[in-house]
Amino acid sequence: MATTMAMRRSTRSAYNYLRRCYSSECVPDRKVTILGAAGGIGQPLALLMKLNPLVSSLSLYDIAGTPGVAADCSHVNTRSQVVGYMGEEQLGKALEGSDIVIIPAGVPRKPGMTRDDLFNINAGIVKSLCTAIAKHCPNALVNMISNPVNSTVPIAAEVFKKAGTYDEKKLFGVTTLDVVRAKTFYAGKAKVPVQEVNVPVVGGHAGITILPLFSQAVPKSSSLSDNDIKALTKRTQDGGTEVVEAKAGKGSATLSMAYAGAFFADACLKGLNGVPDVVECSFVQSNITELPFFASKVKLGRNGVEEVLGLGSLSDFEQQGLESLKPELKASVEKGIKFAKDS
Ligand SMILES: NC(=O)c1ccc[n+]([C@@H]2O[C@H](COP(=O)([O-])OP(=O)(O)OC[C@H]3O[C@@H](n4cnc5c(N)ncnc54)[C@H](O)[C@@H]3O)[C@@H](O)[C@H]2O)c1
Ligand SMILES: O=C(O)C[C@H](O)C(=O)O
């Protein structure tokens, strides 16, 4: 009898908790800022964030083109108020009060280029934007999309350290597109419903540093051979290049990236709002390997990273992939740190 009463009480409190979390009058105000909002990723990402009911204020910043994007987006009849900001003199206002800053500012690849070939231009852009974040919204969660992510995230960390605002719980390299691709390719090959699929992707965000863990994929598939897993791994690692080549000089992934960026920002917002058990992969400061930054499953909470989760058990093939990616990832991280320290 006492047990039944206790169960009823706990069901009621879980129900009340969910009601509190999801009833529209209790959703807290949240400001999301997109830096690079007029670009190939920035525009569809702005639209997807405009559709997110967790956002109350959407701030769109770019060096050009934001008045038009903001006016257009602002006519969509959803909760958030949209304001466009253009040029460096408006950057502070764009950032003030942000809960989340998403950064897709910078140049994309052309066929034949690696992500590291973008370093010379994008490192400087990221450094100056992060300097402004440290000044105007030091407590915001930062979602870094600009490539090469393996170096731009360490650059951001160094900029924040120099400014005295670094909180490792609040800096994220967005690797969600790798997860999105791994899910899609796995579902296609294993012939399982894509909406039921989950696949962790760890390491970094470039070539062999992208390591999908298909041995941990759900739902499990008994129909995939070792060669199928190798081919799926390679396709996930080369997913960005597949799009760059198909776009033939007109940039890299924008629509799938906007989807992935909006999905990850939504997970961050849920974490900030106290929704329990929000877990996504991201490239964060980490001690689960000897590398200082590493992508793995991360539990998101009210302060950003609540816990960096371990790798779980790996197949021999994945273990080999992990060892092979370490030198490249280490070099990219060190390159970012050196740039931020020297410049
Ligand atoms: N993390 C990922 O998975 C992933 C996926 C796709 C693309 N990317 C990267 O995202 C970046 C953007 O790609 P895109 O296709 O949107 O490029 P794009 O050229 O279409 O857009 C970039 C935008 O950044 C703006 N910009 C440049 N300097 C700026 C500054 N100082 N402040 C604010 N805005 C500035 C430009 O005006 C432009 O509107 C690239 O570096 C690309 O490699 C990352
Ligand atoms: O491949 C690129 O250059 C863009 C991005 O990193 C991607 O994975 O699509």
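Small disclaimer: the values here were computed from a predicted structure and weren't measured. (Residues numbered from 1 in each chain as written. Chains lettered and ligands numbered in written order. Predicted model: local features only at pLDDT ≥ 70, side-chain atom pairs only at ≥ 80, totals over all residues. Heavy atoms only, no water.)

1. Some words on the site of ligand 1
- Around ligand 1 sit 28 residues, and of these Gly40, Ile41, Asp62, Val107 and Asn147 come closest.
- Take Val107: an N or O atom from its main chain is 2.9 Å from an oxygen atom of ligand 1.
- At 3.1 Å from an oxygen atom of ligand 1 is found a side-chain nitrogen or oxygen belonging to His205.
- Protein coverage of the free-state accessible area of ligand 1, which is 870 Å², stands at 85%.
- Secondary structure elements with two or more residues in the shell around ligand 1: strand S2 (57–62) and helix H5 (119–136).
- Looking at the shell around ligand 1 element by element, the count peaks at 3 residues for H5.
- Of the residues in the shell around ligand 1, the class split is 17 nonpolar, 10 polar and 1 charged. (Near = heavy atom within 4 Å. Polar contact = N/O pair within 3.5 Å; in protein donor to acceptor, adjacent residues only side chain to side chain. Areas by Shrake-Rupley, 256 points an atom, 1.4 Å probe, with all protein chains shown as cover. Helix = DSSP H or I, 4+ residues; strand = E, 2+ residues; numbered from the N terminus. Nonpolar A, V, L, I, M, F, W, Y, C, P; charged D, E, K, R; others polar.)

2. Quick word on the site of ligand 2
- Taken together, Arg109, Arg115, Asn147, Leu177, Arg181, His205, Gly240, Ser252 and Ala253 form the complete shell of residues around ligand 2.
- Between ligand 2 and Arg115 there is a distance of 2.8 Å, counted from an oxygen atom to a side-chain nitrogen or oxygen.
- Contact between ligand 2 and Asn147: an oxygen atom at 2.8 Å from a side-chain N or O atom of the residue.
- Residues belonging to the shell around ligand 2 are distributed by class as follows: 2 nonpolar, 4 polar and 3 charged.

3. Looking at the UniProt feature "domain: Lactate/malate dehydrogenase N-terminal" (unreviewed entry) in the protein
- As recorded in UniProt, the feature "domain: Lactate/malate dehydrogenase N-terminal" (unreviewed entry) lies at residues 31–173.
- A distance of 20 Å separates the end C-alpha atoms of residues 31–173, which is 39% helix and 20% strand. (UniProt positions renumbered as here; feature names shortened; annotations may be inferred.)

4. Observations concerning helix H6 (residues 149–163)
- Compared with the 21 Å implied by 1.5 Å per residue over 15 residues, the 21 Å span of H6 between its first and last C-alpha is a close match.
- Counting buried positions over the 15 residues of H6 gives 12, a clear majority of the element.
- Burial in H6 covers these residues: Val149, Asn150, Ser151, Thr152, Val153, Pro154, Ile155, Ala156, Ala157, Glu158, Val159 and Phe160.
- In the stretch just after H6, Gly164 is the one whose phi turns positive, near 80°. (Expected span 1.5 Å × (residues − 1). Buried < 20%, exposed > 50% of the residue type's maximum accessible area, 1.4 Å probe, protein only.)

5. Considering the UniProt feature "binding site: substrate" (unreviewed entry) in the protein
- Following the UniProt record, the feature "binding site: substrate" (unreviewed entry) maps to Arg109, Arg115, Asn147 and Arg181 here.
- Relative to the elements of secondary structure, Arg109 occurs in the loop between strand S4 (100–103) and H5.
- Ignoring any residue separated from it by four or fewer positions in sequence, one finds Arg109 in contact with Thr114, Arg115, Leu118, Gly240, Thr241, Val244, Gly251 and Ser252.
- Here Met113 takes part through its backbone oxygen, which lies 2.9 Å from a polar atom of the side chain of Arg109.
- Taking the relative accessible area as the measure of exposure, Arg181 reaches 8% and is therefore buried.
- For Arg181, the contacting residues outside a window of four places in its chain are Gly239, Gly240, Val243 and Ala253. (Contact = heavy atoms within 4.5 Å.)

6. A few points about the packing of aromatic side chains
- Tallied over the full model, the rule gives 5 aromatic pairs.
- Both rings, one in Phe172 and one in Phe264, keep their centres 5.5 Å apart while their planes meet at 65°; by these two values the pair is edge-to-face. Taken together, the positions of Phe172 in strand S6 (residues 171–173) and Phe264 in helix H10 (residues 255–272) put the pair 92 residues apart, joining distant regions of the chain. This pair shows no difference in class: Phe172 is buried, exactly as Phe264 is.
- Judged by centre distance (6.1 Å) and plane angle (40°), the rings of Tyr259 and Phe263 are tilted. Of this pair, Tyr259 and Phe263 both sit in helix H10, 4 residues apart, which is roughly one turn of the helix.
- Looking at Tyr259, the relative accessible area reads 46%, which means it is partly exposed.
- The exposure class of Phe263 is partly exposed, given its relative accessible area of 32%. (Phe/Tyr/Trp six-rings, centres within 6.5 Å; stacked < 30°, edge-to-face > 60°.)

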